[in-house]
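# What the coordinates show
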Amino acid sequence: MMTIWSSWIWESKNHEHCLPAGESMHYLIIVLQIALLLAIVLLHVAYVTYFERKIIGHMQVRLGPMLVGWHGLLQPIADGIKSFFKEDIIPEQADKPLFLAAPIICLVTMLTSLAVLPFARGWVLADINIGLLFIFAMSSLASYGIILAGWASNSKYTFLGGMRSMAQVISYEIPLGLSLVGVMMLSGSLNLSEIVAAQGTSLFSTYLFPQCIGFFVFFIAMLAETNRVPFDLPEAETELVSGYITEYSGMRYAMFFMAEYIGMMVMASIGTVCFLGGWNGPFAIPFFPPFWFILKVYGFLFLFIWIRATLPRYRYDQLMALGWKVLIPLALLNIFLTGLFKVLVS
Amino acid sequence: MKLHYKPKRNLLETILQVEILQGLALTLRKLFSPPITRQYPQEKPPMYPGFRGQHALVRDPLTNESKCVGCMRCATVCPSRCIQIRFHEGESGERVIDQYSIEALRCVFCGYCVEVCPVGAITMTEAFEYASYERETIFFDQEALLANWDHFCAQSGHDETYVNPFWRPRGARESTLPASQRMKVPDDWTIEGQFVGTRVRQAQESEDARHAEAVNG
Amino acid sequence: MVNQLLFLYCALVIIGTALLTVRFKNPVHSVLAVLVLFFHMAGLYLLLNAEFLAAIQIIVYAGAILVLYLFVLFLVNLRQEVKVERFVASHRLSALVSICLGICLLAILPFFKLGAKGNYPVGRIEQLTHTKAMGLEIYSTFLLPFEIAGLILLIAVIGGLVLARNDKEVAENELSDSPSAGTCEVQE
C-alpha cells in the first residue's frame, strides 16, 4: 500500500504534466511495473537461495543440491511448491492475529523498500526525495515483524530470538544511518538517483574511495541489519533452534525467508547506489541499462554468501561492543572528516 | 604454557583484519577445488577388506548347512548380547543347533563374534543396504543368516573361501596361530602420530631406559 | 478532493487507533495500535509535503522509541492486568465530564485561524526539497532553540550514564575478585 501511496504522492506533484485522460492508463502502467518488479525480485530470491546453497556447498568441498533438475536447478521451485502446500501450524498458546500478521509485516516492508531503488536512469518506481530515509524507515519497521513473531509465538526460543533481534536492530541502525550521512553530505541529496548521478561515471569518482570508512561501517552494519552470519544471533540455529521462526511452518516460514533475502538485496542495492556508483559502469550496455547495477548487486550477494561460508557467529556481548564502541565512533569520525574535507575544499 | 586467545597484531593487521581475510581466501580457494561428495544411490562407495556389514552364517558346501558347532563363544563375547543360541546334545555328544539368531538392530558391528569363531561359521558380509520398514526382517534367525550368505555369494561372486584379511583364517586351530593377524602398520607412519603399537612401545622403552641411566649416572 | 479523502482516512484511523490504544487489555496490542497511529501521522506529514518529517516520524518514533517501549514491556512482563482504584466512583459523573470537555474542544474549532504564510510556500519547498528547507531553517533561523534542545538531551544522556554507572560500580565491587578475561594461563 505504501508503495502505491508514495508513488501517488510523487505523481500528484507532477500532476500538471499528466493529461487527465491518460491518468488511469498511467496508474495501470505503474501497477504493471510493480507486478513485474515483484515477479523479478521473487524469482531472484528463489535463485539466490539456490546459489547460496551451491556456493557454500562448493566452499565446503561438497556439491550442494544436485537432484532436482540439471545440477539441482529446479530445487528452489520444488522448495517453493513444498512450502506452499505444507501444513500451516499455529501454536495453541500463540497470540493468533499477531502470529499471522508478523510474517506479512516482515515481507511487506521489505518489498516496499524496493519501490525507491533506481535500477538505471529513470528505472525507478517512486523517485522520491527521501529515498534513503524511506529505506531506513522500512528496514526499521521490518524489525517489528521479527519482534512480534518472537512474542506472539509464545515460546522461549522465539522470544529470545525476538529480543536479540530487537536489540541488534536498534544498535545497528545507528551506525548504518550514520555511515550514509557522509554520502548524503558529499552528494547533497537523499534521492537515490541523484546520489548516483553525483558520483560521476568512472569507478574512481565513486564514493567508495572518499568514503572508505563509511563503506566499512556500512558493510558491517548491513550484515547485522539483515541478520546474516556473522551476526545471525536472532536465528542462531545452534542455540535458539531457529530463533523467532521456530514456531512457523509452511508458507509463513517461507515468507520470513523471502523477507530476509529481499532485505539482503535491498541492502546490496543501497551499497551499490551509495558507494559503487549505481548503474554506471566502464562502458554503457545498449538495450539493458541496469546491467552494471545488477552485476554489482550480484557481487554484494556473493560477498554475503562468501562471508557466511567463512565466519563463525559473534558472541552477543561482542556484537554489542562492536556496534557501540567501534562502528558508531568510526561513523562519527567519518562524518567529521567529510565535513572538514568539504569545508576545506569550498 | 601460556595460551593467548587474543593474538598480537600490529596496527595495519588490525585495520585490515588479516585473519578474516585469510579465512575468506581459504574459502575462495576451496570454491574451485573439486568436491568430494559421493552421489550415493547412483554411486556406491568402494568396499575395502575388513568391512563389517550384514551378518551371515557360512553355508558349508559339504553339508549344505551351517558350520556352527555351538561353542557359544560368539554369544559370550558379544558386547550387546544380541546373539542367541539354543542347542541340544546329539547322539554322539555333538551339539545340534536348535536356534541361532542375531538381533541386528542391537548389534554394534564390532566383529568380535567373527574373530572368536573357531570354525569360521559366522561372518560379516559386504552388504549394507538392508534397511527395512519392518523390525522382523532385521531380526535374523538361522535361515535368514544362511540366506544372507547365499545372497551375498550370488551378488559378489565370493564363495566359502571369503576370508577377511582383518580376521584370522577360518578353521585353523587357535594354538597354531600367531598372536594376531592385524594389518601391518605402514612404514611411513611416524612415531609422533601414533599412540599404540610395537614401535612406539619400543621407542618409549628405550627412552625410559636412557632416562633411568641418566638419573642413575 | 483525493487529498481531503486521504486526510479524512488518516484522521479517522488516528482517532480510532488512539482509542484502541487505551482500550486494549494487552499492552503489546496497545503498542501496536500506537504503531499504526504513527504510521498514519506520517501519512499526514506526507500530505503536507513534509516527506522528511514523515520519514523521521517512522524511523525515530516507530522504529526506535516504540521498539524501546516494547522492550520495556517484555522485560517487565505484566502477566496480570494492573488494577487501579477509580479516582471517581460514579460512571455518570466521568461520562458527563468527558462530554463537557469534548463539547469545549468542538466549540473552540470555529475560532481556529490559519497562521500567516511563511517563507516557504509549497512551490518553494518542492523546488528546494523539504529536507534542505528544514535544514536551512533549523541551522540558521532557529539555531538557538535547536541548540537548547540538544543541550537538554545531552543532560538527559549524561544523567542516564551516571545512573547506569553507579549500578555498574556496585556490581564490579562485588565481582572484584573474579579473574580477568582475555588471557588464560594453562599449566602443563
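Below or above, wherever it landed, is the structure these notes cover. Please read these numbers as outputs of a predicted model, since none were measured by experiment. (Residues numbered from 1 in each chain as written. Chains lettered and ligands numbered in written order. Predicted model: local features only at pLDDT ≥ 70, side-chain atom pairs only at ≥ 80, totals over all residues.)

### Things to note about the overall build of chain C
To keep things clear, this is the line we draw: Here a helix means four or more residues in a row that DSSP labels H or I, a strand means two or more in a row labelled E, and each is numbered from the N terminus. Exposure classification rests on a simple neighbour count of other C-beta atoms within 10 Å of a residue's own: a residue reaching 20 or more is buried, one at 12 or fewer is exposed, and one in between is partly exposed. C-beta atoms are placed from the backbone. By the convention adopted here, residues are in contact when the distance between their C-beta atoms, placed from the backbone, does not exceed 7 Å.
What chain C contains, in helices and strands, is seven helices and one strand. Secondary structure of chain C in N-to-C order comes out as α-α-α-α-α-α-α-β. Looking at chain C as a whole, 15% of its 188 residues qualify as buried. Taking contacts inside chain C between residues at least 6 apart in sequence as the whole, the part at least 24 apart equals 52%.

### Let's talk about the interface of chain C and chain A
Buried accessible area, meaning the area lost when the parts come together, often serves as the stated size of an interface. Here is the rule: By the convention adopted, Pro, Cys, Tyr, Trp, Phe, Met, Ile, Leu, Val and Ala count as nonpolar, Lys, Arg, Asp and Glu as charged, and the other residues, Gly among them, as polar.
Taken residue by residue, the interface counts 19 residues in chain C and 20 residues in chain A. Where the side of chain C that touches chain A is concerned, the elements lending two or more residues are α2 (27-47), α3 (51-76) and α6 (130-139) of chain C. Split into classes, the residues belonging to the side of chain C that touches chain A amount to 13 nonpolar, four polar and two charged.

### Let's talk about the packing of helix α2 (residues 23-59) of chain A against helix α10 (residues 250-275) of chain A
Residue and element names in this part refer to chain A. Put simply, the rule reads: All axes here are fitted lines through C-alpha atoms, helices being fitted over the stretch that makes contact, and every angle between N-to-C directions spans 0 to 180 degrees. Each angle gets one of four labels, with under 35 degrees taken as roughly parallel, over 145 as roughly antiparallel, 65 to 115 as roughly perpendicular, and the rest as oblique.
Interhelical geometry of α2 versus α10 gives an angle of 100° and a closest axis separation of 10 Å. Between α2 and α10, the angle falls in the class roughly perpendicular. In this structure, α2 uses V41, L42, H44, V45, V48 and T49 to contact α10, whose residues at the interface are M258, Y261, I262 and M265. Residues belonging to the contact of α2 with α10 are distributed by class as follows: eight nonpolar, two polar and no charged.

### Here we look at the nonpolar core
Rules: Working definition: the nonpolar core is a set of buried Ala, Val, Leu, Ile, Met, Phe, Trp, Tyr and Cys residues, joined through C-beta atoms within 7 Å.
Counting 114 residues, the largest nonpolar core has A:C106, A:L133, C:A55 and C:I58 as its most contacted members. Formed by 21 residues, the second largest nonpolar core is a distinct cluster that contains B:V58, B:I122, B:L145 and B:F152.

### Quick look at the sheet that holds strand β8 (residues 139-140) of chain B
All names here are of chain B. What counts, and what does not: A strand pair is defined by DSSP finding two or more bridges across the two strands.
Here we have three strands laid out as an open sheet, ordered β5-β6-β8, and antiparallel in their pairing. Two strands in the sheet have a free side with no partner beyond their single neighbour: β5 (83-89) and β8. Across seven bridges, the pairing between β5 and strand β6 (residues 95-103) is antiparallel. Looking at β6, one finds that Q84 is bridged to S101. The strands touched by helix α5 (residues 142-156) within the sheet are β6 and β8, with β6 carrying the most contacts at an inclination of about 75°.

### Brief notes about α10(A)
Residues and elements named next belong to chain A. Which entries qualify depends on this criterion: The span expected for a helix works out to 1.5 Å for each residue beyond the first.
Here α10 spans 38 Å end to end across 26 residues, near enough to the 38 Å set by a 1.5 Å rise per residue. Buried residues dominate α10, accounting for 22 of its 26 residues. Once α10 finishes, G277 follows within two positions and takes phi at roughly 80°, a positive value.

### Things to note about the packing of helix α11 (residues 291-310) of chain A against helix α2 (residues 18-31) of chain B
Packing of α11(A) against α2(B) brings their axes to within 9 Å, and their N-to-C directions diverge by 100°. By the angle between their axes, α11(A) is roughly perpendicular relative to α2(B). On α2(B), the residues that touch A:W306, A:A309 and A:T310 of α11(A) are B:G23, B:L24, B:T27 and B:L28.

### A short note on the environment of C:H29
Relative to the helices and strands, C:H29 is located in helix α2. Between the C-alpha atoms of C:H29 and C:L163, which are 134 residues apart in sequence, the distance is 31 Å.

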